[in-house]
Amino acid sequence: MTSSVPLGALAAVLAVGLLLLIRRPAGAQRLARLAGLAITVLVAAALTPWTVQDSGPAASFLLGVPVLAALGPVLAERSERLAEIADVVAAVVIGSWGLLLALGIGVAFLPVVLLYLLSATWSFAPRKQA
C-alpha cells in the first residue's frame, strides 16, 4: 500500500501543476497552496495506518511536521510578503523532512515540494506592468 502513495501524490501534484501552468487562473498561488495542503493531508492520512503500526505514538510527529509546514503558507496568505517566505519555508521543511525519512514514508511527501516551489517562483518573478 505504501508504495502507491508516492505515485498518487506525484500524479496529483503533476495534474495540479499542469492545470495551473496551462490555465494560469488569477488566484494561482492560492490554489497551489491549497492543493499542496490538501495533497499533504491526504498523503498523511493514507500513511497513518502503516506509520502507527510501525512507529506507534511517534506517528503523529512523523506525519504532523509536513502537515504543519503545509498549513503555514495557507495561514500566511493575508500578508503577501509573509506568504512568499512561507512558500519557501514550506518547500524546505517538507523537502528536508521527506529526505530525512526517505527510506520510509518521506518519499511520499516530496512531490508536494514542487507545488510550493511553483508558488514561490510566481512570488519572486517580476510582475508585468500594464
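Each remark here, short or long, concerns the structure printed above.
Residues numbered from 1 in each chain as written. Predicted model: local features only at pLDDT ≥ 70, side-chain atom pairs only at ≥ 80, totals over all residues. Heavy atoms only, no water.

A. The arrangement of the overall build of the protein chain in detail. From N to C terminus, the protein chain includes five helices and zero strands. Across the protein chain, helices and strands are ordered from the amino to the carboxyl terminus as α-α-α-α-α. Relative to its length of 130 residues, the protein chain is compact, with a C-alpha radius of gyration of 15 Å against a globular reference of 14 Å. Each principal axis of the C-alpha atoms in the protein chain carries an extent, and together these give about 55 × 25 × 20 Å. A burial count over the protein chain gives 42% of its 130 residues as buried. Look at the contacts in the protein chain between residues 6 or more apart in sequence, and 74% of them connect residues 24 or more apart. Total accessible area on the protein chain is roughly 7,400 Å²; 71% of this is exposed by carbon and sulfur atoms. For the protein chain, the distance from the average site of its 8 positive side-chain charges to the average site of its 5 negative ones is 11 Å. (Helix = DSSP H or I, 4+ residues; strand = E, 2+ residues; numbered from the N terminus. Rg over C-alpha atoms; globule rule 2.2 N^0.38 Å. Buried < 20%, exposed > 50% of the residue type's maximum accessible area, 1.4 Å probe, protein only. Contact = heavy atoms within 4.5 Å. Areas by Shrake-Rupley, 256 points an atom, 1.4 Å probe, with all protein chains shown as cover. Lys, Arg positive; Asp, Glu negative; His and termini not counted. Charge placed at Lys NZ, Arg CZ, Asp CG, Glu CD.)

B. Structural view of the side chain of Asp87. Residue placement: Asp87 occurs in helix H4 (residues 80-100). Owing to a relative accessible area of 0%, Asp87 belongs among the buried residues under this scheme. There is a polar contact of 2.8 Å between the side chain of Asp87 and the side chain of Ser119. (Polar contact = N/O pair within 3.5 Å; in protein donor to acceptor, adjacent residues only side chain to side chain.)

C. Quick look at the packing of helix H1 (residues 4-23) against helix H2 (residues 28-55). Relative to each other, H1 and H2 sit at 170°, their axes nearing to 10 Å. Classified by the angle their axes make, H1 and H2 are roughly antiparallel. Between H1, through Val5, Ala9, Ala12, Val13, Val16 and Leu20, and H2, the contact on the second element is made entirely by Ala28, Leu31, Ala32, Ala35, Ile39, Val43, Ala46 and Leu47. Its residues assigned to classes, the contact of H1 with H2 comprises 14 nonpolar, no polar and no charged. (Axes fitted to C-alpha atoms, helices over the stretch in contact; angles between N-to-C directions. Parallel < 35°, antiparallel > 145°, perpendicular 65-115°, else oblique. Nonpolar A, V, L, I, M, F, W, Y, C, P; charged D, E, K, R; others polar.)

D. Up close: helix H3 (residues 59-75). Between its first and last C-alpha, H3 extends 24 Å over 17 residues, near the 24 Å set by a 1.5 Å rise per residue. Considering bend angle alone, the principal kink of H3 is centred on Val65 and spans about 30°; proline Pro66 follows within four residues of it. (Expected span 1.5 Å × (residues − 1). Bend = angle between axes of the 7 residues up to and from the residue.)

E. Region of interest: the pattern of salt bridges. Evaluated as defined, the whole model comprises four salt bridges. Residues Arg30 and Glu77 are paired through a salt bridge, measuring 2.3 Å at the closest nitrogen-oxygen approach. Of this pair, Arg30 sits in helix H2 while Glu77 sits in the loop between H3 and H4, placing them 47 residues apart in sequence. Between Asp87 and Arg33 there is a salt bridge, and its shortest N-O distance comes to 2.8 Å. Of the two residues, Asp87 is situated in helix H4 and Arg33 in helix H2; the sequence distance between them amounts to 54 residues. For Arg33, a relative accessible area of 6% gives the class buried. Shared partners join several salt bridges into a network, and the residues in it are Arg30, Arg33, Glu77 and Asp87. (Salt bridge = Lys/Arg side-chain N within 4 Å of Asp/Glu carboxyl O.)

F. The environment of Val92, seen in detail. Counting through the fold element by element, Val92 comes out in helix H4. A sequence separation of 25 residues divides Val92 from Leu117, and the C-alpha atoms of the two residues are 9.2 Å apart.

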